[in-house]
Every structure is written in structure tokens, then in C-alpha cells.
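Report on the structure
So you can see what is in the structure, the chains are spelled out below.
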Amino acid sequence: MSASLLDLVRPDLRGFAGYSSARSAKVQGEVWLNANESPWANPADPSASCRRYPAPQPPALREALASLYGCAPEQLLIGRGSDEAIDLLVRALCRPGRDAVVVTPPVFGMYAVSARLQDAPLREVPLRDGPEGLQADIDAIIEAAKASGARLVFLCSPSNPAGSGIALADVERAARALQGQALVVVDEAYVEFADQASATSLLGQHENLAVLRTLSKAHALAAARIGCVIAAPELIAVLRALQAPYPVPQPCADLALAALAPEALARTAERVAEVRRERERLQVALSKVPGVRRVYPSQGNFVLVRFEDAESAWQALLAAGVVVRDQRAAPQLGDALRISIGTPEENTRVLAALGVRQEVAA
Ligand SMILES: *Cc1c(COP(=O)(O)O)cnc(C)c1O
């Protein structure tokens, strides 16, 4: 098993050990004078929590995330958001000018940005618009990946901005079809808001599968920049060697760990439930707004809406002080805006700006 998975890694990087940081040396002692750190705290940091370089992968946080996501700590790499994980995967697997990356536009832009920075060819397999929404075409994805000799396939599920999910059976089908050729990456930035379960349950059966998770969306910690990639331990070790020496700032690690305590997780779950209720309310109300062409089903914390006159809708929202995401430059979305689900009051303001008459509040 391991042999064929590591065959997907760039040959020039196999066995690359990366930077050997002061914190990675396995030595013991009481007086630590090996990293040119200050012996005193900064006045702004009275507890001295930031005096020393942090652990490259803070063990307590790694364990808490692994337990949250149902995997082993060795299967998980913490990085600066899942954005860093995307970049590490492209760098680890794609030889510049040769190994392609498959993406499914309209989709989150970072896959293409990372491919571009690596000079990896980009193969686009458009989402297909149908009665169920804008959905990934798994057969076309498999075919394109095979035809282009792709090393990486990014499946965004739930998809940003389309809102659609990819059935686990389809993820499995792609992984099986591309075994030995490409890594299938399921970006689950929004899976907490979805009806379906995470693809992490498939990792045991499919070594060429990776899952991206983040604390940026459902966990409300976008500024802490904590995200991770979950995959086979051999691949995680390769990615770790490519990563910056100390990728997880201590204050962020502390905050993330606190966010994974039971009470915080319970609160997060309540918020997720509230977002799902509000998503439903917004979808129902928006679909009745004159000038709304289509409200897509959504598994995320946003809704994608097509307008007869998207410019007017955009302007009406701006005039009401509401900033949404203009999707008009994205392929297939020339008439669409993406609206994140806000608080009930904020969502009501969105509806009011679009001319929905409100029920009289007490
Ligand atoms: C927001 C988003 C991310 C970025 O997550 P970070 O962990 O904040 O880097 C990744 N993928 C998708 C699809 C997103 O929408």
C-alpha cells in the first residue's frame, strides 16, 4: 500500500527531510539555550506563552482535532488554514509543467492559485447545472484526470459557491478509479453544515484520499488560521517536511484548543443548527422574491442566488449596507450572488433590502 501512495509524491521530494528545527531535535534538558530565544518575556506577554518557538504540531491540539474528526493524530497535519494544506498538496505532488490538477468550476479559487504558483497544468471540469443544483460530474472528472495524467483532484463538498455536496459513494468511485495515479482531495470546509457525513470514514479503504477540514467556518475562528489535512500517515509525513518550521502560532493553538473543549463544541453545534434553520428561512423567502431566478439548494453556510438583474440586487444590498459576494465573474454564474448566512437580524436585513416585506415584530 505505502509504495504506491508515495509514488504519487514528486520523485525529487521523496526522502526530503525539510528543515530541522530546534523543536524537532529529540533531546532532553532543563536549560534550553538551543534556539536563540530570549530568556525573558516580552512586557506585552506577561505569561511568557510566546517566548519560545512553538511545537511544530502542538500535540494536544493535534489529538483534539484528530478526536473531533475521527482519525489518528498521525493522519492529521495542522496548518495555516486549509489554504496552506492545498498549497502543500500541490507542491508535494505536482512536478511543474507536468502533473495536472483537476478542479470543478465554479469553485473555490485557491486550488487554481496554488496550481498556478507551482506551474502545474489546470484541468477544469465544470459543475453541471440541473434540477438538483450545480453538481460535480464524477465520470467527467475521472476521465479528465486520466486523460491529463493528473496527480491531484480537488472535490469541494459541500461546494463553494455552488452549495452542493458530493455523495460519499461518488468520492469512493473517484478514489478507486484513480488509485495509483492521483490523490483525490475532498475539501470539507463546510461539512459541519451539511446533511452528509465526512469522507474521513473512507480513508481506511482508500489510501489515495485526503480530506481538508478547517476551524474557519463553523467554528468561527477564521482569523486563527487553523485548518488541517487528513490523509495516510506516510503522506502527512511528506507534507510536514515541506511545511514552514513553526506553522502554528502559540496563541492560535491555545485558542483552537479552547474551542475544542466540550462546552465550546456544544455552543458551536447550536450555532450550526441555527445557521441551518436560517438557511432554510432565507431560501424559502428568497425564492419568492420577484426578480430571483433561482435559489440553489445549499449544504453550506451560504446560498447562491441567480437574479434577473443581479446588478440591481447588488446595488440594493449595498445601499442597505449589506455586502455579499459577487459571483458574476465566475463561470456559469453571470447573474449570481452568494449570500453568507448571518444572524437572524442580518438575514432579515438582506430580505428587506431585496424588497421582502417583514412580518411585524412585537
Ligand atoms: C473558506 C474555504 C477554505 C479556506 O479555509 P481556511 O482554513 O480558512 O484556509 C477552504 N476551502 C473552501 C472551499 C473554502 O470555502
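Residues numbered from 1 in each chain as written. Predicted model: local features only at pLDDT ≥ 70, side-chain atom pairs only at ≥ 80, totals over all residues. Heavy atoms only, no water.

Attention shifts here to the UniProt feature "modified residue: N6-(pyridoxal phosphate)lysine" (unreviewed entry) in the protein. Within this structure's numbering, the places UniProt gives as "modified residue: N6-(pyridoxal phosphate)lysine" (unreviewed entry) are Lys-217. Residue placement: Lys-217 occurs in the loop between strand E8 (209-214) and strand E9 (226-230). For Lys-217, a relative accessible area of 32% translates into the label partly exposed. The residues contacting Lys-217, other than those within four sequence positions of it, are Ala-189, Tyr-190 and Phe-193. There is a polar contact of 3.1 Å between the side chain of Lys-217 and the side chain of Tyr-190. (UniProt positions renumbered as here; feature names shortened; annotations may be inferred. Helix = DSSP H or I, 4+ residues; strand = E, 2+ residues; numbered from the N terminus. Buried < 20%, exposed > 50% of the residue type's maximum accessible area, 1.4 Å probe, protein only. Contact = heavy atoms within 4.5 Å. Polar contact = N/O pair within 3.5 Å; in protein donor to acceptor, adjacent residues only side chain to side chain.)

Under the local residue numbering, the UniProt record ascribes the feature "domain: Aminotransferase class I/classII large" (unreviewed entry) to residues 38-354. As a span, residues 38-354 carries 38% helix and 17% strand, and end to end its C-alpha atoms are 57 Å apart.

Their axes nearest at 10 Å, the elements helix H2 (residues 59-69) and helix H8 (residues 250-259) cross at an angle of 35°. H8 is crossed by H2, and the crossing has left-handed handedness. Packed against H2, whose contacting residues are Ala-60, Leu-61 and Ala-64, the element H8 presents Ala-253, Ala-256 and Leu-257 at the interface. Of the residues contributing to the contact of H2 with H8, the split by class is six nonpolar, no polar and no charged. (Axes fitted to C-alpha atoms, helices over the stretch in contact; angles between N-to-C directions. Left-handed = near helix turned anticlockwise from the far one by under 90°. Nonpolar A, V, L, I, M, F, W, Y, C, P; charged D, E, K, R; others polar.)

The domain architecture assigned to the protein consists of domain 1 (3-260) and domain 2 (263-353). The straight-line distance from the C-alpha centre of domain 1 to that of domain 2 is 28 Å. The interface of domain 1 with domain 2 comprises 29 residues on the first partner and 23 residues on the second. For the interface between domain 1 and domain 2, the tally reads three salt bridges. Note that Asp-129 and Arg-306 form a salt bridge whose closest N and O atoms lie 3.2 Å from each other. (Domains from an automatic or database assignment. Salt bridge = Lys/Arg side-chain N within 4 Å of Asp/Glu carboxyl O.)

Attention now moves to the environment of Ala-231. Examined against the element boundaries, Ala-231 turns out to sit in the loop between E9 and helix H7 (233-242). Separated by 79 residues in sequence, Ala-231 and Leu-152 place their C-alpha atoms 13 Å apart. Not counting the four nearest positions on each side in its chain, Ala-231 is found in contact with Gln-75, Leu-203, Leu-209, Ala-210 and Ile-236.

So, on to the nonpolar core. Counting 43 residues, the largest nonpolar core has Leu-61, Leu-65, Val-153 and Ile-226 as the members making the most contacts within it. The greatest single-element share of this core, amounting to five residues, is contributed by helix H5 (residues 138-148). Setting aside chain neighbours within four positions, we find Leu-65 in contact with Leu-76, Ile-78, Leu-215, Ile-226 and Leu-260. Ala-85, Val-101, Leu-152 and Ile-236 belong to the second largest nonpolar core, which has 34 residues in total. (Core = buried A, V, L, I, M, F, W, Y, C linked by side-chain atoms within 4.5 Å.)

Let's shift gears to the packing of aromatic side chains. Taken as a whole and judged by the stated rule, the model has four aromatic pairs. The interplanar angle of 10° and the centroid separation of 4.5 Å between the aromatic rings of Tyr-111 and Phe-154 together place this pair among those described as stacked. Of the two residues, Tyr-111 sits in helix H4 (residues 110-118) while Phe-154 sits in strand E6 (residues 152-156), which places them 43 residues apart along the sequence. By relative accessible area, which is 0% here, Tyr-111 ends up buried. Ring geometry for Tyr-190 against Phe-302: centres 5.0 Å apart, planes inclined by 80°, an arrangement best described as edge-to-face. Remark: Phe-302 occurs in strand E11 (residues 302-307) and Tyr-190 occurs in the loop between strand E7 (183-187) and E8; sequence separation between them is 112 residues. Accessibility classification places Tyr-190 together with Phe-302 in one group, the buried group. Cluster of aromatic residues (ring-pair linked, three or more members): Phe-108, Tyr-111 and Phe-154. Here the guanidinium or amino end of Arg-338 rests over the ring plane of Phe-302, the centre of that ring lying 5.8 Å away. (Phe/Tyr/Trp six-rings, centres within 6.5 Å; stacked < 30°, edge-to-face > 60°. Lys NZ or Arg CZ within 6 Å of the ring centre and 35° of its normal.)

With that settled, consider the sheet that holds strand E2 (residues 101-103). Read across the open sheet, the seven strands follow the order E1-E9-E8-E7-E6-E2-E3; overall the sheet is mixed. The open sheet has two edge strands with one neighbour each: strand E1 (76-80) and strand E3 (122-124). Across the sheet, the mean angle from the axis of one strand to that of its neighbour is 25°, orientation sign disregarded. Across the sheet, H7 lies against E1, E7 and E9, angled at about 30° from E1, the strand it touches most. (Pairing = 2+ DSSP bridges.)

To continue, consider the pattern of salt bridges. Summed over all chains, the structure comprises 22 salt bridges. Of the charged contacts, one joins Arg-80 and Glu-84 as a salt bridge, the two residues approaching to 2.6 Å between their closest N and O atoms. On the basis of relative accessible area, Glu-84 is assigned to the buried category, the value being 8%. Here Glu-172 and Arg-176 are joined by a salt bridge, their closest N and O atoms 3.9 Å apart. You can see Glu-172 and its partner Arg-176 sitting in helix H6 (residues 168-177), four residues apart, about one turn around the helix. The class for Arg-176 is exposed, based on a relative accessible area of 52%.

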